[in-house]
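The primary structure of each chain is shown beneath.
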2 protein chains.
Amino acid sequence: MSEDEVLLQQLFEEEKLTDKQKKIIIAAIESFSEKGYAATSTNEIAKKAGVAEGTIFRHYKTKKELLVSIVAPLMTKLIGPFIVNDFHKVLDRPYENVEDFLRAAIKNRSDIIKKMLPVIKIVIQEIPFQPELREQFIEQVARKTFDRILQVIKGYQDKGQLIEMPTLSAARLAISSIFGFLISRYILFPESEWDDELETERTVQFILHGLAKKD
Amino acid sequence: MSEDEVLLQQLFEEEKLTDKQKKIIIAAIESFSEKGYAATSTNEIAKKAGVAEGTIFRHYKTKKELLVSIVAPLMTKLIGPFIVNDFHKVLDRPYENVEDFLRAAIKNRSDIIKKMLPVIKIVIQEIPFQPELREQFIEQVARKTFDRILQVIKGYQDKGQLIEMPTLSAARLAISSIFGFLISRYILFPESEWDDELETERTVQFILHGLAKKD
DNA sequence: AATAAAAGTGAGTAATCACTCACTTTTATT
DNA sequence: AATAAAAGTGAGTGATTACTCACTTTTATT
């Protein structure tokens, strides 16, 4: 089983998909992420998947439904719950200090990004143009993530480990640093040589000192 | 003269464009940035510009040439030199401390982003799919910017104002924070109420403390 | 005012687009 | 083994696509 198919199984676990249906999804992910949604034709997807064009429309009423069917489960079934559970652990049995939490947060995000890179690219590309996706993203991912992060930051602020600053601003700064690292690492310069542990550590320290309580 | 046309004049200063040519460019910028390049038809651009479709192809051999003609001057004539000059000032008569430099850097970036928002959106959207644009972007913008930033950071490190860290990593962290702010401010949540000065200050302080030399 | 060059036009074109549908093949149910 | 339901097919559809070209209008040059 190829790496893509492993990813697929995770994404569409409970659904029983025929072989051809899987191939359609794999082909669509590949083309959408390489050429963009609008520039990809259903004909092209069919050829790449080795199926008749009609087969695509047997399962998806429109091309846009195909797009949404690929991207939506990523948001609702994976990232959303993942984030909730992830941070839940933190809130139930909190890391004693921000440091360990940050390291864990970056590492987890990193794992997901690596696995889902092509689908994430599609999400990033299409969110500005597909209101349906944007809404889902805001509901399922952005809001949940942000709420959790706010809670976490508030927690550490109360413990006196962080500077007094609106949690919203603190969250923006921390998230920028983390995403800046992940985007540099996996999207902008994936070909460069990266000492992941070291760069993670630098990012953690940067956030830590940037938000540290001054004595 | 509308705001868009002012922007245009800056972009295409030396070229003499007829009224219809300007209208084509304005219409194209609007459609490309709203719907994306691939999803915008030349017919649509012509209608919005109030010209015949043939007029577009009188001036641009292909639709892609229209895209490049809009985006390229932004990179070569504006951002590139701007960045070079901008940082040149800093290097010739350096701000005594990092702090003032950062404030100035964010403010300048902020002004440009505000003016060029639609074209910047097009650049961000199309860079993954248009190798020609990507090359130009890397040559004209990314490399120049990065080189300058590296110099600046190195300068402050030598003065002992910054932590010892590969300048590349330091640059990534600083740039992430700045862009994180600008993207949040102007692209993700432009509708939120922003205290620009305060948020700029927080970003500056965050970078400053994050990269500060520890005693 | 005459002439040339440039700008503008819009009907036309072949290719491609997303999508349909009558039909065949495969799978599941009894 | 018979029947029904689901999956798969591919030729065909009208609409839309980027682009052309013979022609008209405007502008610049003398």
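Our subject is the structure that appears above.
Please read all numbers here as calculations on a predicted model, not as lab measurements.

Peer 1: What should I look at first to understand the protein's contact with DNA strand C in this one?
Peer 2: Taken together, 17 residues are adjacent to DNA strand C, and K63 of chain A together with K20, T55, R58 and H59 of chain B come closest. Near-protein atoms of DNA strand C (within 4 Å) split between backbone and bases, with sugar and phosphate holding 59%. One of the backbone N or O atoms of A52 of chain B is found 3.1 Å from a phosphate oxygen in DNA strand C. Between DNA strand C and the protein, one listed contact pairs a phosphate oxygen with a side-chain N or O atom of H59 of chain B at 2.8 Å. Taken together, the elements giving at least two residues each to the surface near DNA strand C come down to α4 (53-59) of chain A together with α2 (19-35) and α4 (53-59) of chain B.

Peer 1: Help me understand the protein's contact with DNA strand D in this model?
Peer 2: Every one of the 17 residues lining DNA strand D counts as a neighbour, but K20, T55, R58 and H59 of chain A together with K63 of chain B are closest to it. In DNA strand D, the atoms that sit within 4 Å of the protein are 59% sugar and phosphate, with bases accounting for the remainder. Between A52 of chain A and DNA strand D, the recorded distance is 3.1 Å, taken from a backbone N or O atom to a phosphate oxygen. With respect to DNA strand D, the backbone of T42 of chain B contributes an N or O atom lying 2.9 Å from a phosphate oxygen. Elements represented by at least two residues in the surface near DNA strand D include exactly α2 (19-35) and α4 of chain A together with α4 of chain B. Looking at the surface near DNA strand D element by element, the count peaks at 4 residues for α4 of chain A.

Peer 1: Explanation requested: helix α3 (residues 42-49) of chain A in the structure shown.
Peer 2: Since the α-helix advances by 3.6 residues per turn, residues separated by three or four positions end up pointing in the same direction. Residue and element names in this part refer to chain A. Listed in full, the buried residues belonging to α3 are T42, I45, A46 and A49. Buried residues of α3, seen end-on, are gathered within an arc of 100 degrees and therefore sit on one face of the element. In the stretch just after α3, G50 is the one whose phi turns positive, near 70 degrees.

Peer 1: I would appreciate a short explanation of the interface of chain A and chain B in the present structure.
Peer 2: Much of the literature gives interface size as the accessible area that the parts lose upon coming together. Listed per partner, the contact involves 29 residues of chain A and 29 residues of chain B. Buried area between chain A and chain B, summed over both chains or domains, comes out near 2400 Å², and the portion from carbon and sulfur atoms is 63%. Looking only at chain A, the three residues that lose the most surface to chain B are F129, R172 and F206 of chain A, adding up to 29% of its buried area. Linking chain A with chain B are 2 salt bridges. Among the salt bridges present, the one from R172 of chain A reaches E199 of chain B, with a minimum N-O distance of 2.5 Å.

Peer 1: So what exactly am I meant to see when it comes to the packing of helix α8 (residues 167-188) of chain B against helix α9 (residues 196-211) of chain B here?
Peer 2: Angle between the axes and distance between the axes are the two parameters that describe a pair of packed helices. All names here are of chain B. Where α8 contacts α9, the axes come no closer than 10 Å and their chain directions differ by 165 degrees. Between α8 and α9, the angle is such that the two are roughly antiparallel. The interaxial crossing formed by α8 with α9 has right-handed handedness. In this structure, α8 uses A170, L173, A174, S177, I178, F181, R185 and Y186 to contact α9, whose residues at the interface are D196, E199, T200, T203, F206, I207 and L211.

Rules and cut-offs
Residues numbered from 1 in each chain as written. Chains lettered and ligands numbered in written order. Predicted model: local features only at pLDDT ≥ 70, side-chain atom pairs only at ≥ 80, totals over all residues. Heavy atoms only, no water. Near = heavy atom within 4 Å. Polar contact = N/O pair within 3.5 Å; in protein donor to acceptor, adjacent residues only side chain to side chain. Helix = DSSP H or I, 4+ residues; strand = E, 2+ residues; numbered from the N terminus. Buried < 20%, exposed > 50% of the residue type's maximum accessible area, 1.4 Å probe, protein only. Arc of directions from axis to C-beta. Contact = heavy atoms within 4.5 Å. Buried area = accessible area lost by both parts, 1.4 Å probe. Salt bridge = Lys/Arg side-chain N within 4 Å of Asp/Glu carboxyl O. Axes fitted to C-alpha atoms, helices over the stretch in contact; angles between N-to-C directions. Parallel < 35°, antiparallel > 145°, perpendicular 65-115°, else oblique. Left-handed = near helix turned anticlockwise from the far one by under 90°.

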